[in-house]
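Coordinates in review
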Amino acid sequence: QVQLVESGGGLVQAGGSLRLSCAASGRTSSIFGLGWFRQAPGKERAFVATISWSGGSTYYADSVKGRFTISRDNAKNTVYLQMNSLKLEDTAVYYCAVRRVYISSGNPYDYGNWGQGTQVTVSS
């Protein structure tokens, strides 16, 4: 099993930046990749970005392309989400999860071992 712990959320003004971290522990050798999702109040959980654990290939939701960057540090078993030019609509709880499939998927059903989430609030 793999356990995930997110951190780095907080309150930031629109146009600002935050970096989220997702630390993985346990059987990390079994990971195809990790992904970030977010869920705003009253909305469904939405895909943000994913990265392959070995090759580092990335895939982003259109809504964050050019603003967010996902990266990994395999030595630390940690995946990061650098969020720049934040908008009010980026406000949500952000979750990381283990990708169970080889392909870079944005389908939440292809993910498991969800972390507890970290709140990101963007103010005007």
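See the structure above.
Residues numbered from 1 in each chain as written. Predicted model: local features only at pLDDT ≥ 70, side-chain atom pairs only at ≥ 80, totals over all residues. Heavy atoms only, no water.

1. Re the pattern of salt bridges
Where charged atoms from two side chains of opposite charge approach closely, those side chains can pair. Within the structure shown, the criterion is met by three salt bridges. Note that K65 and D62 form a salt bridge whose closest N and O atoms lie 3.2 Å from each other. We classify K65 as partly exposed; its relative accessible area is 49%. Residue D62 is classed as exposed on the basis of its relative accessible area of 65%. Look at the salt bridges and you will find they share partners, linking R38, R67 and D90 into a network. (Salt bridge = Lys/Arg side-chain N within 4 Å of Asp/Glu carboxyl O. Buried < 20%, exposed > 50% of the residue type's maximum accessible area, 1.4 Å probe, protein only.)

2. Digging into the pairing of strand 4 (residues 33-39)
Taken across its seven residues, strand 4 has six buried, putting it largely inside the fold. Sheet topology note: the strand 4/strand 5 (residues 46-52) ladder contains six bridges and is antiparallel. Looking at strand 5, one finds that G35 is bridged to T50. Looking at chain direction, strand 4 and strand 9 (residues 92-99) are connected through seven bridges and run antiparallel. Residue pairing across strands places Q39 opposite V93, the latter belonging to strand 9. (Helix = DSSP H or I, 4+ residues; strand = E, 2+ residues; numbered from the N terminus. Pairing = 2+ DSSP bridges.)

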